[in-house]
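The primary structure of each chain is shown beneath.
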Amino acid sequence: MFCHTEHNQRLFLRRFVLRMESAVEVQRGAAAIKEQFLTTKEQFHEFLASGRPRQSTDEADGDSEEPSGEPEQKRVRLDSDGDKKKKKRGQNKSRPHVKPQSYEDRRLCPSIVQERDTKCFYGEKCRFLHDASEYMSTKAADLSDQCYLFNSFGWCQYGVTCRFAKAHTSPELKNLRNQDLCRRSTDTVRNLLDKELQRRLRKKQERFPGAEAYLKTVSRGEKPASNREENLSGAGHTQSSTNQIFWSVLQDGADAPVKTVGPITDADIIKLRPCEKKQVDFRDKLYLAPLTTCGNLPFRRVCKRFGADITCGEMAMCTNLLQGQTSEWALLKRHASEDLFGVQLEGCFPDTMTRCAELLNQNIDVDFVDINSGCPIDLVYKKGGGCGLMTRTSKFEQIVRGMNSVLDVPLTVKIRTGVQQNCSIAHKLIPEMKKWGVSLITLHGRSREQRYTKSADWEYIDTCSKLAAPVPLFGNGDILSYEDAMKARETGVSGIMVARGALIKPWLFTEIKENRHWDISSGERLDILRDFTNYGLEHWGSDTQGVEKTRSFLLEWLSFLCRYIPVGLLERVPQKINERPPFYMGRDYMESLMASQHVDDWIQIRSKTEFGKNFTFHRAPKI
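Residues numbered from 1 in each chain as written. Predicted model: local features only at pLDDT ≥ 70, side-chain atom pairs only at ≥ 80, totals over all residues. Heavy atoms only, no water.

## Side note on the UniProt feature "domain: C3H1-type" (unreviewed entry) in the chain
- In the numbering adopted here, UniProt assigns the feature "domain: C3H1-type" (unreviewed entry) to residues 103–133 and 146–171.
- The straight-line gap between the two end C-alpha atoms of residues 103–133 is 19 Å; of that span, 19% is helix and 0% is strand.
- With 23% helix and 0% strand, the stretch residues 146–171 has end C-alpha atoms that lie 16 Å from each other. (UniProt positions renumbered as here; feature names shortened; annotations may be inferred. Helix = DSSP H or I, 4+ residues; strand = E, 2+ residues; numbered from the N terminus.)

In structure tokens form, the structure reads like this:
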């Protein structure tokens, strides 16, 4: 009888534990917010609608104002519309492309915008307008009477085409200048694409002697040397071979391995040894990950201001760089505030990657070059790039050794744990990469198949960090607070890479360095967005095309910022990166607006940040 009762008690406890575990599983993934701030979806959207600007009576009667030239506001879909048209699911590849092909129907000729003394090169064949008055009659209305570029640098290169032209345009439609501010240096961006270099790349006239020499050794089946010192000190590199190179350079200046000005020195002929390469101290640094689309130059400037130590450009395709594509070269631009900056290359063949590395080594200013062998998207993976390199070790080795042979800066690699979910291979690759000459390894604690469905495996990162020593290894995954960073540092990694955490709250770098939770106000967050907008106008331009680009990238970023939950509203600190925020009322209207995941509300936030418009914060109602 006693045994039967004990069995029932154990069965009851087991069922109770399973019931509790299932209840926790239901709540898992939702952030714990204080009860007084929680609300329902209907009340949340009703409160946000109460603060939106209402339609004027004239517009309601049909007497609309003159067109402003701004994009039409997206119509809100009503519930009744759902019966008329079935909602599409999946990737919706047949959706119409709404990206504008041209931002203005009638554009002003650059010769008039820049106020050149000479006439237009194309003359009567030019397809642009040459009458500034005619252009102004069709131009969209200015957005504000203050121009950020003019106020910062004393002049605006976009002249009358600027969407803030009234701030720096005379009645005669001449571009004004503030001579006191013009003395400031406007050369804040480096790594611009030279037109002559672009011409040579498009005509395939650019030569890559270092890459060709390496590829010949690969084609002959020779095992590549592990570093430059072996290449230079080997039996094949004698004094006579150096003299041959010297005399060939003297006979034909076009065959010079590098551009020379004046006498040829030893540095023009003999490459640097590994010990003479530029050294970078990566240890104990906060690394802003190369983020596609959102990791643009204005965003990196924001993160740099909050304490990011290392920044890296967005992933660039090596084949597009070799073709001289302007849009791809724009990903390599570097701001003056980025004191430790690198670029990330994607490719799957040793020849293109080695040539691209030599091209960048000679033409841009970077502190390191990173190989992307962790990109999970199908477009890259199916070609053999990204994560595909992890399973093609022979090609991977040839790429690393080839790029190392032509670079004067450190070469780094970013990888994942593996391709399949339950088959990690990073621990097998890391010892090999040490032999190949990699200067830094960054490991994302997920496989390609996992994407973001599972938490990052920091125990595995810890194991790999020990295998990588003495090469520094950075860990990446699920860092959203300084407590997450402290736990990550306990694993023995040399540094931390921050990706999604920086998109959700760019002030994360300040929190980590100061070991605190920052209960940032909605006004401070709005100022961050205003700074991003100003940086965007400076980077992409203040004309119609530049304004539209700044808007699109700001809206893209807001899709991540809305996931942040203010510290003062949390029941349990800190917020976890995979916890979704429930519907809640912020401490003022703007804080609630920033929590919305509706695109119309993001557009409203954008309008508050763009042009210095004042905004009155009013308190949210108590629930």
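Alright, that's what it looks like, and here's the rest.
## Some words on the packing of aromatic side chains
- Per the counting criterion, the structure on display carries twelve aromatic pairs.
- Aromatic pair Tyr287 and Phe474: ring centres 6.0 Å apart, planes at 80 degrees, arrangement edge-to-face. Taken as a pair, Tyr287 in strand β2 (residues 286–288) and Phe474 in strand β9 (residues 473–476) lie far apart in primary sequence, 187 residues in all. Pair check on accessibility: Tyr287 and Phe474 agree, each one buried.
- Ring-pair connections join several aromatic residues into one group, and the members of that group are Phe282, Tyr287, Phe368 and Phe474.
- Directly above the aromatic system of Trp155 lies the positively charged group of Arg177, at a separation of 4.4 Å from the ring centroid.
- Between the NZ or CZ atom of Arg516 and the centre of the ring of Trp518, over which it lies, the distance is 5.2 Å. (Phe/Tyr/Trp six-rings, centres within 6.5 Å; stacked < 30°, edge-to-face > 60°. Buried < 20%, exposed > 50% of the residue type's maximum accessible area, 1.4 Å probe, protein only. Lys NZ or Arg CZ within 6 Å of the ring centre and 35° of its normal.)

## Describing the sheet that holds strand β8 (residues 440–444)
- Strand order in the open sheet formed by eight strands is β2-β10-β9-β8-β7-β6-β5-β3, with parallel pairing between adjacent strands. Whereas interior strands pair on both sides, the edge strands pair on one side only; in this sheet they are β2 and β3 (311–317). Adjacent strand axes in the sheet meet at a mean angle of 25 degrees when their direction is disregarded.
- Pairing of β8 with β9 involves four bridges; the strand directions are parallel. Residue pairing for β9: Thr442 is matched across the bridge by Phe474. (Pairing = 2+ DSSP bridges. Axes fitted to C-alpha atoms, helices over the stretch in contact; angles between N-to-C directions.)

## Describing the packing of helix α18 (residues 393–406) against helix α19 (residues 426–436)
- Contact geometry for α18 and α19: axes closest at 10 Å, N-to-C directions at 30 degrees. As judged from the angle between their axes, α18 and α19 are roughly parallel. The way α18 lies across α19 gives a crossing that is right-handed. Residue-level contacts link Thr393, Phe396, Glu397, Val400, Arg401 and Asn404 of α18 to Leu429, Met433, Lys435 and Trp436 of α19.
- Class assignment of the residues belonging to the contact of α18 with α19 gives a composition of five nonpolar, two polar and three charged. (Parallel < 35°, antiparallel > 145°, perpendicular 65-115°, else oblique. Left-handed = near helix turned anticlockwise from the far one by under 90°. Contact = heavy atoms within 4.5 Å. Nonpolar A, V, L, I, M, F, W, Y, C, P; charged D, E, K, R; others polar.)

## Things to note about the side chain of Thr354
- Inspection of the secondary structure puts Thr354 in helix α16 (residues 350–363).
- From its side chain, Thr354 meets the backbone oxygen of Pro350 in a polar contact 2.6 Å long.
- When near neighbours in sequence (up to four residues on either side) are disregarded, Thr354 contacts Ala211, Tyr214, Gly402, Met403 and Val406. (Polar contact = N/O pair within 3.5 Å; in protein donor to acceptor, adjacent residues only side chain to side chain.)

## Thoughts on the pairing of β8
- The buried count for β8 comes to five of five residues, which makes it a mostly enclosed element.
- Side-chain alternation along β8 places Leu440, Thr442 and His444 on one buried face and Ile441 and Leu443 on a second face that is also buried.
- The sheet contact formed by strand β7 (residues 411–416) and β8 spans five bridges and is parallel. When the sheet's bridge partners are listed, Val413 is paired in β8 with Ile441.
- A crossover links β8 with its parallel partner β9, the connecting element being helix α20 (residues 458–468), and its sense is right-handed. (Right-handed = clockwise from strand over helix to strand, strands pointing away.)

## What to know about the nonpolar core
- Counting 124 residues, the largest nonpolar core has Trp329, Ile371, Met403, Met433 and Trp557 as its most contacted members.
- Looking at this core, the element that brings in the most residues is helix α25 (residues 544–561), giving six residues.
- For Trp329, the residues in contact, after removing those within four places along its chain, are Asn191, Leu193, Leu197, Leu201, Leu321, Gly324, Leu359, Leu360 and Ile364.
- Among the nonpolar cores identified, the runner-up in size contains twelve residues, and Cys147, Phe150, Cys162 and Ala165 belong to it. (Core = buried A, V, L, I, M, F, W, Y, C linked by side-chain atoms within 4.5 Å.)

## Re the environment of Glu35
- Counting through the fold element by element, Glu35 comes out in the loop between α1 (2–27) and α2 (41–50).
- Overall, the relative accessible area of 67% leaves Glu35 in the exposed class.
- Residues Glu35 and Leu569, spaced 534 residues apart in sequence, show a C-alpha to C-alpha distance of 9.0 Å.

## Comments concerning helix α9 (residues 209–219)
- Where α9 is concerned, the buried positions are Gly210, Ala211, Tyr214 and Leu215. Mapping the buried residues of α9 onto a view down its axis gives an arc of 125 degrees, with all of them on the same face. Exposed residues pointing more than 90 degrees away from the buried face of α9 are listed as Lys216 and Ser219.
- The secondary structure elements touched by the buried residues of α9 are α16 and α18.
- Following α9 by one or two positions, Gly221 adopts a phi angle in the positive range, close to 80 degrees. (Arc of directions from axis to C-beta.)

## A few points about the packing of helix α24 (residues 522–540) against α25
- Taken N-terminus to C-terminus, the directions of α24 and α25 make an angle of 145 degrees; their axes are 9 Å apart at the nearest point. Considering how the two elements wind past one another, α24 and α25 form a crossing that is right-handed. For the pair α24 and α25, contact is made by Arg525, Ile528, Leu529, Phe532, Thr533, Gly536, Leu537 and Trp540 and by Gly546, Val547, Lys549, Thr550, Phe553, Leu554, Trp557, Leu558 and Leu561, respectively.
- Residue composition of the contact of α24 with α25, by class: eleven nonpolar, four polar and two charged.

## Section: α2
- Taken together, the buried positions of α2 are occupied by Phe44, Phe47 and Leu48. Down the axis of α2, the buried set is contained in an arc of 100 degrees. They therefore lie on one face. Relative to its buried face, α2 has exposed residues pointing more than 90 degrees away, namely Glu42 and Glu46.
- As for α2, its buried residues are in contact with α26 (589–594) and α27 (599–610).

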